[in-house]
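Chain by chain, the residues run as shown.
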Amino acid sequence: MHTVNKAYTILKQEGYVKLDRRKGAVVAVDADRMKAIEDLTVQMRVILAEAVCRNISCKEIHEVMDQIFREFSCCNKEGGANDVV
């Protein structure tokens, strides 16, 4: 019993589960982040469609994205511009 409680405590501290007296342990999903990614996908689809219509290559789009990430200093964070191939 103590091992299970300790495991739940660690999972909660690391953000993997949420503990609720009524619901028990549930997997933590960052719904706000997922919604933001969905919204971003819709916006990016429009921007990329415009870029394709203007004959802007995938490589050029990646270069622009890399530059923008560098401007926001995201390069050193997980998922930053250094991850773009």
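Residues numbered from 1 in each chain as written. Predicted model: local features only at pLDDT ≥ 70, side-chain atom pairs only at ≥ 80, totals over all residues. Heavy atoms only, no water.

Within the fold, valine 17 resides in strand E1 (residues 17-20). For valine 17, a relative accessible area of 12% translates into the label buried. Through-space distance from the C-alpha of valine 17 to that of valine 27 is 4.4 Å; in sequence the pair is 10 residues apart. Setting aside its immediate chain neighbours within four residues, valine 17 contacts Tyr8, Leu11, Lys12, Val26, Val27 and Ala28. (Helix = DSSP H or I, 4+ residues; strand = E, 2+ residues; numbered from the N terminus. Buried < 20%, exposed > 50% of the residue type's maximum accessible area, 1.4 Å probe, protein only. Contact = heavy atoms within 4.5 Å.)

As a further point, take the pairing of strand E2 (residues 24-27). Sheet topology places E1 next to E2; 4 bridges connect them, and they run antiparallel. By the bridge assignment, valine 17 is partnered in E2 with valine 27. (Pairing = 2+ DSSP bridges.)

To continue, consider a nonpolar patch on the surface. Among the surface-exposed residues, Val4, Tyr8, Leu11, Tyr16 and Leu19 lie close enough to one another that they form a single nonpolar patch of about 450 Å² accessible area. When residues of the nonpolar patch are assigned to their parent elements, the largest contribution, 3 residues, is made by helix H1 (residues 2-13). Residue position: leucine 11 is located in helix H1. A relative accessible area of 34% means that leucine 11 is categorised as partly exposed. (Patch = residues over 30% accessible without salt bridge, like charges linked within 9 Å, V, L, I, M, F, W, Y side chains within 5 Å. Areas by Shrake-Rupley, 256 points an atom, 1.4 Å probe, with all protein chains shown as cover. Salt bridge = Lys/Arg side-chain N within 4 Å of Asp/Glu carboxyl O.)

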